[in-house]
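# Reading the structure
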Amino acid sequence: MEFFTANIRNPNTRRAYARACSTFFSWCEQQNLDPVDIRPFHVAAWVEQLQQTVAAPSVKQQLAAVRMLCDWLVAGQILPVNPAASVRGPKHVVRIGKAPALEAGEWRRLMAAIPREKVRDLRDRALIAVLSYSLARIGAALALRVEDIRPQGAGWVLRLHEKGGKHHVMPCHHTLAEAVHAYLQAAGIGEDRRGWLFRSAKGRGDALSTLPMAQTDAWRMVRRRAAAAGIATPISCHTFRAAGIAAYLGDGGT
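Cut-offs applied
Residues numbered from 1 in each chain as written. Predicted model: local features only at pLDDT ≥ 70, side-chain atom pairs only at ≥ 80, totals over all residues. Heavy atoms only, no water. UniProt positions renumbered as here; feature names shortened; annotations may be inferred. Disulfide = S-S within 2.5 Å. Buried < 20%, exposed > 50% of the residue type's maximum accessible area, 1.4 Å probe, protein only. Helix = DSSP H or I, 4+ residues; strand = E, 2+ residues; numbered from the N terminus. Expected span 1.5 Å × (residues − 1). Arc of directions from axis to C-beta. Contact = heavy atoms within 4.5 Å. Patch = residues over 30% accessible without salt bridge, like charges linked within 9 Å, V, L, I, M, F, W, Y side chains within 5 Å. Areas by Shrake-Rupley, 256 points an atom, 1.4 Å probe, with all protein chains shown as cover. Salt bridge = Lys/Arg side-chain N within 4 Å of Asp/Glu carboxyl O. pLDDT = per-residue confidence, 0-100. Core = buried A, V, L, I, M, F, W, Y, C linked by side-chain atoms within 4.5 Å. 1 Å grid on protein atoms, 1.4 Å probe; cavity = no way out; pocket = protein on both sides within 12 Å on 5 of 7 lines; lining within 4 Å. Points joined across faces, edges and corners; volume = space filled by probe spheres on them. Nonpolar A, V, L, I, M, F, W, Y, C, P; charged D, E, K, R; others polar.

In the nomenclature of an unreviewed UniProt entry, the chain corresponds to Tyrosine-type recombinase/integrase from the organism Teichococcus aerophilus. Annotation of the chain in UniProt includes, under Sequence similarities (unreviewed entry), the sentence "Belongs to the 'phage' integrase family."

## Quick notes on the state of the cysteines
Taken as a whole, this structure holds 0 disulfides when the rule is applied. The cysteine cysteine 28 is free of any disulfide, with cysteine 70 supplying the nearest cysteine sulfur at 8.3 Å. Not part of a disulfide, cysteine 172 finds its nearest cysteine sulfur in cysteine 237, a span of 19 Å. When its relative accessible area of 15% is taken as the criterion, cysteine 172 is described as buried.

## Observations concerning helix 9 (residues 215-228)
Along its 14 residues, helix 9 runs 20 Å from first to last C-alpha, staying within 8% of the 20 Å computed at 1.5 Å per residue. Within helix 9, the full set of buried residues consists of Ala218, Met221, Val222, Arg225 and Ala226. Buried residues in helix 9, looked at end-on, bunch into an arc of 125°, giving them a common side. Across from the buried face of helix 9, at angles greater than 90 degrees, the exposed residues are Ala227 and Ala228. In the segment just after helix 9, glycine 230 is the residue with positive phi, at about 75°.

## Points about the environment of leucine 73
Within the secondary structure, leucine 73 sits in helix 4 (residues 56-75). In this structure the C-alpha to C-alpha distance between leucine 73 and arginine 14, which are 59 residues apart in sequence, comes to 17 Å. When sequence neighbours within four positions are dropped, the list of residues in contact with leucine 73 reads Ile78 and Leu79.

## Things to note about unusual backbone geometry
Unusually for a residue other than glycine, glutamine 77 sits at a positive phi of about 60°. Note on placement: glutamine 77 falls in the loop between helix 4 and helix 5 (104-113). Given a relative accessible area of 72%, glutamine 77 falls into the exposed group. Although it is not a glycine, leucine 135 sits at a positive phi angle of roughly 60°. Residue position: leucine 135 is located in the loop between helix 6 (119-134) and helix 7 (138-142). For leucine 135, a relative accessible area of 24% gives the class partly exposed.

## Notes on the environment of glutamate 147
Mapping glutamate 147 onto the fold places it in the loop between helix 7 and strand 1 (149-152). Looking at glutamate 147, the relative accessible area reads 19%, which means it is buried. As for glutamate 147 and arginine 194, which are separated by 47 residues in sequence, their C-alpha atoms are 6.2 Å apart. Not counting the four nearest positions on each side in its chain, glutamate 147 is found in contact with Arg159, Arg193 and Arg194.

## So, a nonpolar patch on the surface
A contiguous nonpolar surface patch, about 270 Å² in accessible area, is contributed by Ile245, Tyr248 and Leu249. Along the chain, isoleucine 245 falls in helix 10 (residues 238-250).

## What to know about the confidence of the model for the chain
Do not read the fine detail of predicted coordinates wherever pLDDT is low. Confidence in the prediction of the chain, expressed as mean pLDDT, is 88, and 96% of residues score 70 or more. By mean pLDDT, the top-scoring element of the chain is helix 3 (residues 40-51) (94), and the lowest-scoring one is helix 10 (83).

## With respect to helix 6
Taking 1.5 Å per residue as the helical rise, helix 6 with its 16 residues ought to reach 22 Å, and the 22 Å between its terminal C-alpha atoms agrees with that figure. In terms of burial, helix 6 is a largely internal element, 14 of the 16 residues being buried. Looking one or two places after helix 6, you find leucine 135, whose phi comes out positive at around 60°.

## Here's the deal with the nonpolar core
By size, the foremost hydrophobic cluster in this structure holds 45 residues, and its most contacted members are Leu127, Leu158, Tyr183, Phe198 and Phe240. If you list the elements that add at least two residues to this core, you get helix 5, helix 6, helix 7, strand 2 (155-161), helix 8 (174-187) and helix 9. Of the residues forming this core, the biggest block, 8 residues, is contributed by helix 6. Counting residues in each nonpolar core, the second largest holds 26 residues, with Trp27, Val59, Leu69 and Leu73 among its members.

## So, the layout of surface pockets
As a volume, the second largest pocket reaches approximately 410 Å³. Together, 16 residues line the second largest pocket, and Trp107, Ser132, Ala243, Gly244 and Ala247 are the ones closest to its centre. Sorting the residues of the lining of the second largest pocket by element identifies helix 5, helix 6 and helix 10 as the ones contributing at least two each. Residue contributions to the lining of the second largest pocket peak at 5 residues, all from helix 10. Looking at the lining of the second largest pocket, its residues break down into 11 nonpolar, 3 polar and 2 charged.

Dropping the structure here:
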């Protein structure tokens with residue numbers, strides 16, 4: 001518990017590393033291995049077995065989690081040496097992104113298919129606009145608070161909470177600002193400056209809670225809205241980031 005709570009601050013990384021370490025030590029238990037008996041060839045054997053069912057990036061992440069935990073166990077004098085330190089993960093080179101990207105016409109069709117009558121509809125429009133125009137990761141978008149959209153000069157800026165506790169302030173596209181303010185006005189949360197911007201709904205009704213949306217809720221929303229718009233592409237929250245970056249590069253960005 002100390003390792004996962006004190007050493008890893010990002011909740012998404014914490015969950016991923018906890019799953020990875022649990023998987024590894026379950027495998028060791030099946031091999032009748034005590035922690036002090038684990039050797040590099042045991043870790044290598046686990047990696048080889050993992051590669052048969054898991055993609056290379058996931059294998060590298062899981063190996064990194066085990067390596068980091070073993071470092072901590074060495075520092076705590078539980079293990080004499082780190083058995084994962086010398087084990088190499090699979091080679092993985094990214095040349096082109098795999099996230100499905102929407103064409104401009106599909107994106108417009110998706111937004112047009114979302115009504116503007118209920119608070120939940122306006123919330124979903126605003127969230128998709130943030131993902132599309134800010135190129136934010138879903139974690140950063142859902143971490144937004146009401147105070148993170150603020151006026152600057154003649155326009156508005158958005159302050160994103162990125163990995164490692166960093167903040168990234170960027171100007172809002174006018175369509176993004178309009179979508180967010182329409183949602184804030186309908187939800188009546190504009191004065192709750194410290195409150196979460198994108199809040200979960202209570203049951204199947206239109207009332208919002210004070211809690212933030214979960215990533216799984218956002219994923220289900222995106223898939224549901226895409227199906228309603230007749231879009232067959234299996235999109236996800238990351239689709240809008242991929243589409244935005246593709247459009248930016250296509251317009252001459254670097």
